[in-house]
Amino acid sequence: MMREALQVPRSEPRHDRADAIALATRHVLLPAYMRLTRSSTLRHHRRLLASQFLPEERIRAEQWRSLQAMLRFVYDENRFYRRRMDELGVTPDDVRSFEDYARLPPLTKDDLRGSAQELLSHGFDVTRLERKRTGGSTGVPVHLHQDREAVDTKAALRMRHDEWASFFTASKKAALWGDVKPPDTLRRWLTSHLYVRTVYLDTLEMDERRMLEFAERVRRTKTRLLFGHGHSIYFFARFVKDHGIGDLEFDGIISTAEMLPPEERRVVEEVFGDVVFDRYGCEEVGIIASECAEHDGMHVAAEGIYLEILDGTERQPGRVLVTDLLNRATPLLRYDIGDLATTKAGACRCGRGLPRIGGVTGRTSDVLYSADGKQISGISLLDTVTIHIPGFRQVQIVQEALDELTFLIVKDANYTPASLTLLANAVTKYFGPRMRHSVVFVDRVPLQVPVLDLQAEAGRRADAVSRPPASRITDLPMTRRSPSPLRIAAVAALALGAAALAGATEPARAIPTPTLPRTLGAFPGCEGSGCETRGGFHARAGRPTIYRITSLSDAARRCVPARGKATGCSLRDCIEASGPRVCVFAVAGAIHTRGYTVRHPYLTIRGDSAPGMGIQLDADGTQLGGPEKTLLWIRTHDVVVRGLRLRVGVQTREDNHPFLVYPGAPTDDLHHVVIDHCSMSWANDDLGSIWTGPETRAPPAAAPRESVLSFDVFAEGLRKPGTNNSRGPLIGADTPGRTAYADQMVNIDLHHNLFANNDQRNPNLRHASVRVVNNVLLNWGSWGIQLWGGIRADVVSNLGKPGPSTQATRQGFIGVGYVSPTAAARGRQSVYLSGNRFAGGPVLGWDSPILTSDSGPVERRPDPLPPPRTGPPIMPERADDLVGSVLGPGGAGASRRLDCGGRWVTMGVRDAADRRVIGSWDEPPPRFSWPITAADVGGFPRIEPIASRPACPSSSRDNSACACADADGDGIPDYWERAFCGSPTGCDPLTPSVAPPWTNLEAYLSGLAEAP
Ligand SMILES: [Zn+2]
């Protein structure tokens, strides 16, 4: 009764109404064929159309019945499960609830590999079963078997989920897929033309000509459905967009096999509309879950799958265990598939009772390049090529140069030297003879699958947390959260391609060769041109010395390096030394300083390595020295600073600054400076400058360039008594009429910063080439982003929220001022604007009245600045998402630290001053009279001091109240070394053994590998 009542009428999809073949196959040929072959698929399909709308409790009850039946079956008919249950002393009757079931041990991929025969149930003839190969690169393909009834029912489930995305039987489809073989028999030809009906783009060979041909075929055949790997779909959407192909429309796009990261999905939706349906499934069990038209999580195919998410919540992904309720030939019970997913509670607006999951953190991959620039889908390569090579258990591919690949390989027992020959042949076949490759055998592939936790909202930051699934089979190293060289290459190619191919009707020509970065970058996830430095880890500079800072003294302690390490140091010892060097902290608290000057290149300072609340540099009770009155004056290149608070806090007669990147002598050469996750506040001139000018006597060629300020807080600039100037940072040069400086000051990137409670300079930019992307501006006074004379800027997807201090006539947060008529006339002042918006307001256009302007016109550039010469470009997110990624835990400022096991801790790390500033987003301060000293806004926050001794027990990962034990003083805690290298002194800090190609110290400091 119920079932009939809920029966959904099937309507023909719009795109098929005039398609005779689709209708004939769907209504005549397929039913006839199914009867002939005694397939139960259509019967199951009718049943499943109704059952999806049953109440969730009913569906759970049905699942429980299926599960009980499966348990009884495996107990009687399957040696593997019988043995396991006997070992545990349980029978099916002992399992009385889902909770009881959750106590049975999971089935691992190793079980599947090692016990394939034992896992085959009694009474099945393997010759009559469907063979399935485990997905991913599992070396010798492990076959499991599916019985006929399971195969038919799974086909029906897939059919139902396809229809949610408008894919009906025999609808015409376009597919982005790898290694497609043309039909070679009559039967295959008929299947292909009557049923499959798919136009393919082979993702193992994507070049411009093939992509254009594919687009043309899709257009000509009026195909309105698209299917493919997530990243390939994104890549194709970008191609369509960049070529101005405006007439491709899809009714449904199914993204499968890898997850489509949110920022890529937005691009696809921008190009093709709101028609993307993510799908989650695997070769072993078929479809697991997929999106409905509400696009709000994914519905589990619960009639065939029972899904558990261990320790997962809506925000915290947990491990996925899959129970196949259908297949009895090779039963999979609590199968650990190697993915993570979030849960999703509540009912879906579509009315289906099928339970939902949130998102899946599965594998992601990117495009590889052949030496001549052809693009090759990484995931296709793994799934269709390396899987056929015996002897490889896991494979990861790293491409750092166009003509070189590195394969990280975990061997298995079937490995022989012939495996390498097969690999070499595959490389030549797909990448051409010019591609060089090397193979590195490893015990495990690098753990680079970042997972979000509490800072899920905090967004897309890669290095926030990295907690990989242990039984991961394969993944390419790039993830949405840490742009790898490949991602960079892809983006660079797109950017270059877009520039070169602006005329969409031009005949096809090769996509220009992207410039690949030469080094790994400052840290995983670093974005911006300046990221192409490793700071103290700079490979060409030699092995760095690791300075372990154990004193909060401002004076040099004259610690003595020996064998690459120095302990008992102050920060001054590390900063003032020469040669490549890395400063890590075994203390926490405030350092009251006269100021530091960095004169020697290749320096990394990691405040986030400190225990407890971390490190603050301030001028409390000191006399700031030197001509510049600056806490940290950087006069050189290749400097990376993370996780510090820089707060002057006091008045001096001269201007003072938290940091300067500024030449002090004609020989200073300033580039590749990265200041990330730092908090700058309370200085009386500005909150930091990247600056030059004739007064420095440094030649224009030495002007600061190629640098990044990211995830920093710039708050509460001090005003000098008698003035009303409270200022954020200043970027550029004061060179009216002298363009040489401006031409040199390029590729300065400011992204994901918070500018709060400053009267002006949020920031101020002039006579330079600067990208201002994804920053949050809050409660400015007279100026937000100041675009002054001679500036060439990209201002993209920033979010502004005026506050009580914002002047009535200055509500706009992008302002133009002091335009130089000469510069304007020469086209030397220009701005590219895109995606900026007020909190809760519309996206701002050029003509929007909120643009404050003091003077003359500025050229509006239709295109962004050329892509950076080096380093990964910034991947913008939507302005709306910045509340999470910038203000959330782990976002801007000194907002996190590493625990002794390499996990990012984000709770309780922001100090009172930053918490107050960030809290003013929700609760604006009363009208601000800009502070004169720190005391006007509550004084210096207390940073609880922690001494280096006594250290935490070496078995403890918690460093909230003590420094991590570090027996060998190499900056890597004992806890981490024991987990990854077997003993507290087992890891060489500069060898890339745990997460290659990063050195072990970088792997720890980046949260790339997290100890259990
Ligand atoms: Zn739904």
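Located above this text is the structure these notes cover.
Trainee: What exactly am I supposed to notice about the overall build of the chain here?
Mentor: Check the secondary structure of the chain and you find 22 helices and 50 strands. Taking all 1012 residues of the chain together, 63% fall into the buried category. Within the chain, contacts between residues separated by at least 24 positions form 71% of all contacts whose residues are at least 6 apart in sequence. For the chain, the accessible surface area stands at approximately 37200 Å², while carbon and sulfur atoms represent 52% of it.

Trainee: How do you make sense of the pattern of salt bridges when you look at a structure like this?
Mentor: Two side chains carrying opposite charge are able to pair once their charged atoms lie near each other. This structure, assessed with the given rule, holds 56 salt bridges. Across the pair Asp554 and Arg572 runs a salt bridge, and its minimum N-O distance is 2.9 Å. In this pair, Asp554 sits in the loop between β19 (545-549) and β20 (565-569) while Arg572 sits in helix α16 (residues 571-576), placing the two residues 18 residues apart along the sequence. What you see here is one network of salt bridges that share partners, running through Glu294, Asp296, Lys344, Arg349 and Arg356.

Trainee: Explain the coordination of the zinc ion here, please?
Mentor: Six octahedrally arranged donors around a metal ideally form angles of 90 or 180 degrees; four tetrahedrally arranged donors ideally form angles of 109.5 degrees. Donor atoms from the polypeptide that coordinate the zinc ion comprise Cys292 (SG), His299 (NE2), Cys348 (SG) and Cys350 (SG), at 2.1 to 2.2 Å from the metal. Between the 4 donor atoms coordinating the zinc ion, the angles at the centre fall across 104 to 116°, so the site counts as tetrahedral.

Trainee: Would you explain helix α14 (residues 417-431) in this entry?
Mentor: The periodicity of an α-helix, 3.6 residues per turn, causes residues three or four positions apart to be oriented the same way. Counted at 1.5 Å a residue, the expected span for α14 with its 15 residues is 21 Å, and the 21 Å between its end C-alpha atoms agrees. Taken together, the buried positions of α14 are Ser419, Leu423, Ala426, Val427, Tyr430 and Phe431. Within α14, the buried residues cover an arc of 100° as seen down the axis, which keeps them to one side. Structural note: α14 exposes Pro417 and Lys429 on the side pointing more than 90 degrees away from its buried face. Count one or two residues on from α14 and you reach Gly432, which has phi positive near 85°.

Trainee: What exactly am I supposed to notice about the packing of aromatic side chains here?
Mentor: For any pair of aromatic rings, geometry is given as the distance between the ring centres together with the angle between the planes. For the structure shown, the criterion picks out 17 aromatic pairs. For the pair Trp682 and Phe940, a centre-to-centre distance of 5.7 Å together with 80° between the ring planes defines the contact as edge-to-face. Taken as a pair, Trp682 in the loop between β31 (679-681) and β32 (689-692) and Phe940 in the loop between α20 (912-919) and α21 (974-981) lie far apart in primary sequence, 258 residues in all. Trp682 gets classed as buried once you look at its relative accessible area, which sits at 0%. Sitting over the face of the ring of Trp904, Arg896 holds its NZ or CZ atom 3.7 Å from the ring centroid.

Trainee: Any chance you could explain the state of the cysteines here in plain terms?
Mentor: Every disulfide links exactly two cysteines, by a covalent bond between their sulfur atoms. Applying the stated criterion across every chain, the model contains 6 disulfides. Paired through a disulfide, Cys559 and Cys569 show a sulfur-sulfur distance of 2.2 Å. Between Cys559 and Cys569, the S-S dihedral sits near 105°, and the bridge is therefore right-handed. With Cys559 in the loop between β19 and β20 and Cys569 in strand β20, this residue pair connects regions lying 10 residues apart in the sequence. Neither residue differs from the other here; Cys559 and Cys569 are each classed as buried. What pairs with Cys952 in a disulfide is Cys962, and their sulfur atoms sit 2.0 Å apart.

Trainee: Quick question: what am I supposed to make of the sheet that holds strand β6 (residues 252-256) here?
Mentor: With respect to topology, 11 strands assemble into an open sheet ordered β4-β3-β5-β6-β7-β8-β9-β13-β12-β11-β10, the strand pairing being mixed. On the outer flanks of this sheet lie β4 (198-202) and β10 (305-310), each paired with one strand and no other. If you compare each strand with its neighbour and ignore which way they point, the axes differ by 40° on average. Across 4 bridges, the pairing between strand β12 (residues 335-344) and strand β13 (residues 356-361) is antiparallel. Bridge pairing in β13 links Ala341 to Val360. Sitting on the sheet, helix α4 (residues 56-77) is in contact with β10 and β11 (318-324), with an inclination near 100° to β10.

Trainee: Help me understand a nonpolar patch on the surface in this model?
Mentor: A surface patch of nonpolar side chains, about 730 Å² in accessible area, is lined by Ile21, Val28, Leu29, Leu186, Trp189, Leu190, Leu194 and Tyr195. Secondary-structure elements contributing two or more residues to the nonpolar patch are α2 (20-36) and α9 (186-196). Sort the elements by how many residues they give to the nonpolar patch and α9 lands first, with 5 residues. When you line up the elements, Leu190 lands in helix α9. A relative accessible area of 38% means that Leu190 is categorised as partly exposed.

Trainee: Would you mind showing me how to read the nonpolar core here?
Mentor: One broad trend across soluble globular proteins is that nonpolar side chains are buried collectively. Membership of the largest hydrophobic core comes to 69 residues, with the highest contact counts inside it found for Leu571 and Leu787. Among all residues touching Leu571, those that are not within four sequence positions of it are Ile549, Cys583, Phe585, Ile591, Tyr596, Ile605 and Leu617. Among the nonpolar cores identified, the runner-up in size contains 48 residues, and Val74, Tyr75, Val95 and Val300 belong to it.

Trainee: What exactly am I supposed to notice about the pairing of β10 here?
Mentor: Strand residues, when the strand is regular, have side chains that alternate between the two faces of the sheet. Taking burial as the measure, the 6 residues of β10 include 5 buried ones, the bulk of the element. With 6 bridges connecting them, β10 and β11 associate as antiparallel partners. Residue Leu307 lies in a different strand from β11, and its bridge partner there is Val322.

Trainee: I tried to follow the packing of α4 against helix α5 (residues 79-88) on my own but got confused; where do I start?
Mentor: A pair of packed helices can be characterised by two numbers: the angle between their axes and the separation between those axes. Running from N to C, α4 and α5 point in directions that differ by 95°, and their axes come no closer than 6 Å. It follows that α4 is roughly perpendicular to α5 by the angle criterion. Taking contact as the criterion, the partners of Leu71, Val74, Tyr75, Asp76 and Glu77 in α4 are, on α5, Arg79, Tyr81, Arg82, Met85 and Asp86. Split into classes, the residues belonging to the contact of α4 with α5 amount to 5 nonpolar, no polar and 5 charged.

Trainee: Would you mind going over unusual backbone geometry with me for this structure?
Mentor: Leaving glycine aside, a negative phi is the common case for residues, and trans is the common case for peptide bonds. Of the consecutive residues Asn762 and Pro763, the connecting peptide bond is found in the cis state with omega at 0°. Mapped onto the elements, Pro763 comes out in the loop between β37 (754-756) and β38 (764-766). For the peptide bond that leads from Arg949 to Pro950, omega is -5°, which places it in the cis range. Mapping Pro950 onto the fold places it in the loop between α20 and α21.

Trainee: How do you make sense of the pairing of β11 when you look at a structure like this?
Mentor: Counted residue by residue, β11 has 6 buried out of 7 residues, so it is predominantly covered. Pairing analysis gives 4 bridges linking β11 to β12, with the strands arranged antiparallel. Within β12, the position partnered with Val322 by the bridge is Tyr335.

Trainee: Any chance you could explain the sheet that holds β20 here in plain terms?
Mentor: Within a sheet, adjacent strands bond to each other through the backbone by hydrogen bonds, running parallel or antiparallel. Overall, parallel pairing links the 12 strands, which are arranged β20-β19-β21-β24-β27-β30-β33-β36-β39-β42-β45-β48 in an open sheet. Looking along the sheet, the strands with just one partner apiece sit at the ends: β20 and β48 (859-860). For strand β33 (residues 707-710) and strand β36 (residues 748-751), the ladder comprises 4 bridges, and the chain directions are parallel. The residue of β36 that forms the bridge with Val708 is Asp749.

Trainee: Is there a simple way to think about the packing of helix α10 (residues 208-220) against helix α11 (residues 230-242) in this case?
Mentor: Where α10 meets α11, the closest approach of the two axes is 11 Å, and the angle between their N-to-C directions is 85°. Classified by the interaxial angle, the pair formed by α10 and α11 is roughly perpendicular. For the pair formed by α10 and α11, the contact residues are Glu208, Met211, Leu212, Phe214 and Ala215 on the first element and Phe235, Phe236 and Phe239 on the second. Along the lines of polarity and charge, the residues of the contact of α10 with α11 split into 7 nonpolar, no polar and 1 charged.

Trainee: Sorry, what's going on with the side chain of Arg548 here?
Mentor: Examined against the element boundaries, Arg548 turns out to sit in strand β19. With relative accessibility at 13%, the residue Arg548 sits in the buried group. In this structure the side chain of Arg548 is engaged in a polar contact, spanning 3.4 Å, whose partner is the side chain of Asp966.

Trainee: Help me understand the environment of Arg896 in this model?
Mentor: As for its position among the elements, Arg896 is in the loop between α19 (882-887) and β49 (897-898). The class of Arg896 is buried, set by a relative accessible area of 4%. Expressed as a C-alpha distance, the spacing of Arg896 and Val909, which sit 13 residues apart in the sequence, is 5.4 Å.

Criteria and cut-off values
- Residues numbered from 1 in each chain as written.
- Predicted model: local features only at pLDDT ≥ 70, side-chain atom pairs only at ≥ 80, totals over all residues.
- Heavy atoms only, no water.
- Helix = DSSP H or I, 4+ residues; strand = E, 2+ residues; numbered from the N terminus.
- Buried < 20%, exposed > 50% of the residue type's maximum accessible area, 1.4 Å probe, protein only.
- Contact = heavy atoms within 4.5 Å.
- Areas by Shrake-Rupley, 256 points an atom, 1.4 Å probe, with all protein chains shown as cover.
- Salt bridge = Lys/Arg side-chain N within 4 Å of Asp/Glu carboxyl O.
- Donors = N, O, S within 2.8 Å, 3.2 Å for Na, K, Ca; no water.
- Tetrahedral: all angles 85-135°; square planar, octahedral: opposite > 155°, others 65-115°.
- Expected span 1.5 Å × (residues − 1).
- Arc of directions from axis to C-beta.
- Phe/Tyr/Trp six-rings, centres within 6.5 Å; stacked < 30°, edge-to-face > 60°.
- Lys NZ or Arg CZ within 6 Å of the ring centre and 35° of its normal.
- Disulfide = S-S within 2.5 Å.
- Pairing = 2+ DSSP bridges.
- Axes fitted to C-alpha atoms, helices over the stretch in contact; angles between N-to-C directions.
- Patch = residues over 30% accessible without salt bridge, like charges linked within 9 Å, V, L, I, M, F, W, Y side chains within 5 Å.
- Core = buried A, V, L, I, M, F, W, Y, C linked by side-chain atoms within 4.5 Å.
- Parallel < 35°, antiparallel > 145°, perpendicular 65-115°, else oblique.
- Nonpolar A, V, L, I, M, F, W, Y, C, P; charged D, E, K, R; others polar.
- Polar contact = N/O pair within 3.5 Å; in protein donor to acceptor, adjacent residues only side chain to side chain.

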